[in-house]
Each structure stands twice: as structure tokens, then as C-alpha cells.
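Read off the chains here:
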Amino acid sequence: MKNKEIPKGLRDFLPEDVKARRKMEEKALKLFRSYGYEEVSTPTFEYLEVIEARTGRNSWEELYLFIDREGRILSLRPEMTVAIARGAATHLREAVFPQRLCYIANVFRHVQPQKAQYREFWQMGIELLGASGARADAEVINIAVETLRTMGLDNFKISLNQIAIFNSLLDDSGLEEEEKRLVRRLVENKDLVELGRVLNNAKIEDDLKEIIAKLPVLHGGIEVLDRLGPVEQNRRAAQAVAELGKVYEDLKAYGVNEHIVIDMGVLRGLDYYTGIVFEGYSSELGYGLLGGGRYDNLLQQYGFPCPATGFAIGMDRLALVLKEPDEEPVRLLVGGTNWELMVEKARELREQGYIVETDVEQCTREELAAKAATKGNCRVVFIE
Amino acid sequence: MENELTIALCKGNLLKPTLVLLAAAGLPNDGVTEDSRNLVFTYAEDGIRYLICRPTDVPTYVEQGAADLGIVGKDVIVEQQKDVFELVDLGFGACRFVVAVPETLKDVRLKDLNYRRVATKFPRVAEAFFRSQGMQVEVIKLHGNIELAPIIGVADLIVDLVSTGKTLRENNLVELTTIMASTTRLISNPVSFRTKFDRIEPLVQVMQQIAKGGIDRAD
């Protein structure tokens, strides 16, 4: 017998699973299109040099790499943002901006397989290219909220941050380079105990220590910006705080702020983010559902300076929190003794919009009834 | 339950001081014991549920969101490397990861142990430590009685967790160096930390205060 294993962390999708996924795709695409986003598709694998623009936590270890016959290193795509940035720098140089693009794609990461974490998984998302400023961020964040709402979720939060607050404070902290790297790693690993210890021993102002230690757990409504403490001395950090406030204000017009919290612990772990970043969580799942943010310097790496912002939703995780699927449509099973009449009847019924299976095994009425009983909402039409 | 907090607690040595901590933090602990067949304790009126589990399972429960919070040793956290928030150093359950060798080797220098065999229950910690020293060793994962490994010739040295060092002495082993110190920590699922922030944040504050005063004095 042939081996019938499949590689670790991969899955077969049976009809029920695919149906659930298609339903998510249809709803999301409809929403994205209604905001003017157009669907694009990019290659499943790319040259490693292209993917390399995606640096940050574990980004290298997660890649599936292989070599083509010309000896060049290829990588399965670990996400879509980098591919779209690369594609835009090639095809959209002459375009009128902003450009609104969306995608649905399978992506590949060599991670430890576990609940809600697979090595091939599905993402859908949008990228708003060529627009800087708070309103562009607000639009993208609003669409993230709308997407989750469209799926029927109500119990979710979007955590919002501006990473330049943390980055500027750390850059200008006066810490040694080695200490900065350590602080960044501890914040990314969420090890607040060790972070507190490292900051305690650092030779910087107490005010600054306090702010950096507090940032990863600063969480709440817009009023948390007032609890931030004295960041005014740091011009870039103060600007970032103001920008965060502006995006929050601009979101109010959409009426989605009940889902928005300010959360300085959201850093996303990828180096290409430059400003506003956000993540979405449902209280029913211990893992994040979506993530995104502004990446104004990424396209420049492909020779085309252009501001951009976007987000991606993990569809496999979303599927875990969605309620029961809608009711099954009626299926008809057409059987009988006269093949021409059966085919004719089936065609008629399909034209009326039914899902129709035609018996190809010359079953009796009783046999068909038994088969129909094994399917959801299925009835027999038997032609004598 | 929307706003119920589930906390994973360790069986064994840590359970007693953990229960003292919970009481000091104003959380219920009546009847929580590892001796019953019951491994889940629910206090509906407080909106609290405890899971009593093996220490090594606590980070897994928390990472997967089966528990919102966990109380577990740094030694377990560092070996498991799960994606969890490490919120408070609770101070109790102090112990250390050490490299230990048979007494006959007590004057050996660490770097002379390159390419030797190391028995341990903590392969990640051991591997990472020797690599950080620029060394390569053969790590042999055992599940218990690590201190026997050098005696019966399974390994040349060990990496183990010690609190007093008594077990090492009884088996004629001596500490060569300490890798890191460990105490008990409060950990949180990253999503719970955000979706249940209003319940978790005050608990963090209280536990920080208690830890500063020293948990031993609380009972």
C-alpha cells in the first residue's frame, strides 16, 4: 500500500470545511469590493531576495525554502503584503494613487503545528497603497471591524497602537545598543518580569524607565494616552501619540469605536511596520484573529517609495469562532426508470435554482430514499 | 462564561504557597486540593475557576487559552518557550538551574567539558546554555533521577534544578556553575490579557504588592 501520510501541519479540506471557507470569502470579498478594493493574485513562491524584505521575529526560521534548477533560492510565500508591495513596485508605478487592493491566499510558515496554527493556512486582507495620514489608517481599521461584523462576530476587540511611540522612546533612551536589543526582545516575548529587572539596572532616567516598563501593559480607552506620562521631550514619540489620537478620532465617524482599545503592547514583531499597528481578538479564542498596520518604507525597498497600510485575517482562526453555518439549501435527488425523462426533469429543476443530483446507479425509490436520508435537507424526486 | 477567569495551578510543592497567595489576593481557595479526584474547582459567585495540573502543562493550557492565567515556575516557562505574557515575579519556589559534575571532576573547567554527554530533564535550557558558551554537548533527555546518570555512566555531567543542593551532595555531585535562577511567575494568555483586562489588571497589581512583601509572610 502507498504511504498516505500528509506533511505535518497541513490539512485536507472536506466539503463542509470548504463550504465554510467559501462563505467567509464571499462575504469578505463583497465587503472589500464595496469599499473599492480590487482582488489581485501573486505567485505561490518567490525568490528569497524578495521575501527577505520581511524581517523580524522568527521570520527567517519560518520560511519554506527550496532551490530551482538554475540554483536560485525560492521561498513559499509566508504572507501577502510583501508580494503585493513587490508587485505594486513593478506594475503600479504609473498608476493614480491611492490604489485599493485585496486578496485571498494560502500562505506557508514552518511553525509548530497546534490548535489554530497550521503550516499552510489561509489569509484574506486588503492593502491601501499610496495614502498616508490618519484617514487612510481609519478606513483600513474600519474595514477590519466591518469584516468581523459581517461574519457574525460581535464579541471582539481591535487593539490599536502606534509603534513609533515605543521605538522612539527606546531609540533615544540612552541605553546601550546591546540593552536596546535586549529590551526589544523582552517586550516582544512579553517577559515583563525580566524587562522590569533590566530597566531597573539600566543607567537612564527613572521617568523613562517607568514609561518603557509600563508600555507593554498600557491598555484601555483613549484616556490611556493621558496616563502615558511625560513623552513630550521626545518629539517623535509625542507626534506618534498625537497621530494615534487622530486615528481614534477619525474612526468615530464610522461608529466602530466600541470595538477599539488603545494597547501599547501591540508591536507586531515585524520590522516593516512604521506607524499605526493593530490586532483583532475574540474572547472565544486564545489566539489573535487579524493583524495589520502601516508600512511606509516597504515599497521603497523595491525601488518605489510609497506609503501603505493594510491588514490580514487568519481564516482558519476565524472559522474556529464562527457560529453554526446557515441552513443547508434543499437538495433534490432525481431517480426513475426512464433516463431521458430523469435528465430532462433534473435540468428543469436546476433552472428553478435547486441543487439536483441525478441517480446514475439505477436505484429503486427505496434505495434513493435511504441515500437521501444520509444528506442534510435532501428529498427524492422519482419519475415512474 | 464571558467574564469567568480560569487559572491553571501547579500540583506538588508549589500548590501550598500558591493557595496562600490566592487567599492574600482576595481569591477563593476553600477546598482546593490535589488529593481529590476533582481537578477543576469552580467558584461561580467569584467568577473563578482553577485547573489543578502538572507544572509542565501549565504554560500549554495558558497558551491555548484553556486557562486565562497560570501560576508556574520560571524553570518550566523557560523550558517550554510558549507564547504567554509573564506578568509578575511571585518570589516563592526559588530554585536554580545548575551544571553539576561528579566530585572526581570538581576542579574541571567548564570549557573542558566540550563534546561530553549531559543528562537533563531540561534539554532546551541545557542546549541553549552550552551553545551560548560556544560549546557543543550531547544532550540526553531523561524524565527523572537525573543525578543517577553520571553514577551509572549514562552521562558525564548533568543540568538540573536545585533548591538546597542536598540531592546533589547525597549523590556525590558538585555544582560547577549556575545557569539561571528561577521563581514562580504569574503568566497570562495574550488574548485573555486583552479581552479580560479589567479583571486581570487589578489582580496583577495586588500580586505585585504581595510579592514585594514576600509571600511567606502572608501565611
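Figured I'd write up the structure that's included with this text. Here the residue numbers are simple positions, counted from 1 along each chain's written sequence. Going through the entries in the order they are written, you letter the chains from A and number the ligands from 1. For this predicted model, a pLDDT threshold of at least 70 governs which residues receive local features, and a threshold of 80 or more governs which side-chain atom pairs are given and counted, while totals over whole chains, interfaces and linings are taken from all residues. Heavy atoms throughout the structure, all of them, feed into the side-chain values; hydrogens and water do not.

## Comments concerning the packing of aromatic side chains
- Only Phe, Tyr and Trp rings take part, Trp by its six-membered ring, and two of them pair if their centres are within 6.5 Å. Stacked means planes under 30 degrees apart, edge-to-face means over 60, and tilted covers everything else. Per the counting criterion, the structure on display carries eleven aromatic pairs over all chains.
- Their ring planes at 25° and their centres at 4.7 Å tell us that Phe85(B) and Phe193(B) sit as a pair that is stacked. Of the two residues, Phe85(B) sits in strand 5 (residues 85–89) while Phe193(B) sits in helix 7 (residues 190–195), which places them 108 residues apart along the sequence. Accessibility assignment for this pair places Phe85(B) and Phe193(B) in one class, buried.
- Measuring from centroid to centroid gives 5.4 Å for Phe193(B) and Phe197(B), while their planes differ by 90°, and the two rings are edge-to-face.
- Note on Phe193(B): relative accessible area 2%, which makes it buried.
- Members of the aromatic cluster, connected to one another through ring pairs, are Phe32(A), Phe278(A) and Phe311(A).
- Seen from the ring of Tyr118(A), Arg11(A) lies directly overhead, with NZ or CZ sitting 3.6 Å from the centre.
- Each ring is checked for a lysine NZ or an arginine CZ that lies within 6 Å of its centre and within 35 degrees of its normal; such an atom marks a charge sitting over the ring. One residue, Arg21(A), lies across the ring of Trp122(A), its end atom 3.8 Å from the ring centre. The helix and strand labels rest on DSSP assignments: H or I over at least four residues marks a helix, E over at least two residues marks a strand, and numbering proceeds from the N terminus. The rule is simple: take the accessible area with a 1.4 Å probe, protein chains only, and divide by the maximum for that residue type; under 20% is buried, over 50% is exposed, in between is partly exposed.

## Examining the sheet that holds strand 13 (residues 331–336) of chain A
Residues and elements named next belong to chain A.
- When DSSP finds at least two bridges between two strands, those strands are taken to pair. If you walk across this open sheet you meet the three strands as 14-13-15, and the pairing is parallel. The open sheet has two edge strands with one neighbour each: strand 14 (355–358) and strand 15 (378–383). This sheet shows a mean twist of 25° between the axes of neighbouring strands, independent of strand direction.
- When strand 13 meets strand 15, the two strands line up parallel, connected through six bridges. By the bridge assignment for strand 15, Gly335 is matched with Phe382.
- Relative to the sheet, helix 11 (residues 339–351) contacts strand 13, strand 14 and strand 15, its axis offset from that of strand 14 by approximately 165°. In this description, a line fitted to the C-alpha atoms serves as the axis of each element, helices being fitted only across the stretch in contact, and the angle between N-to-C directions of two axes falls anywhere from 0 to 180 degrees. Contacts are residue-level and defined by heavy atoms, with any inter-residue pair within 4.5 Å sufficient.

## A closer look at the interface of chain A and chain B
- With 24 residues of chain A in contact, the opposing surface of chain B contributes 20 residues.
- Of the roughly 1800 Å² buried between chain A and chain B on both sides combined, carbon and sulfur atoms contribute 51%.
- Throughout, the accessible surface (probe 1.4 Å) given up by two parts as they are put together, summed over both, is called the buried area. Area buried by chain A at its contact with chain B is led by Lys190(A), Val193(A) and His219(A), which between them contribute 31% of it.
- One side-chain nitrogen of Lys or Arg within 4 Å of one carboxyl oxygen of Asp or Glu is enough to make a salt bridge. At the junction of chain A with chain B, the criterion picks out four salt bridges.
- Arg197(A) is paired through a salt bridge with Asp89(B); the nearest N and O atoms lie 2.6 Å apart.

## Section: the nonpolar core
- Here, nonpolar core refers to any group of buried Ala, Val, Leu, Ile, Met, Phe, Trp, Tyr and Cys residues whose side-chain atoms link them within 4.5 Å. Leu160(A), Val183(A), Tyr50(B), Ile71(B) and Met207(B) are the most contacted members of the largest nonpolar core, which totals 149 residues.
- A per-element tally of this core places helix 4 (residues 134–150) of chain A first, with nine residues.
- Contacts of Met207(B), omitting those with residues within four sequence positions, involve Leu21(B), Leu22(B), Ala25(B), Leu27(B), Ile71(B), Val88(B), Leu90(B) and Leu186(B).
- Within the second largest apolar cluster, 14 residues are counted, among which are Leu110(B), Leu113(B), Phe129(B) and Met135(B).

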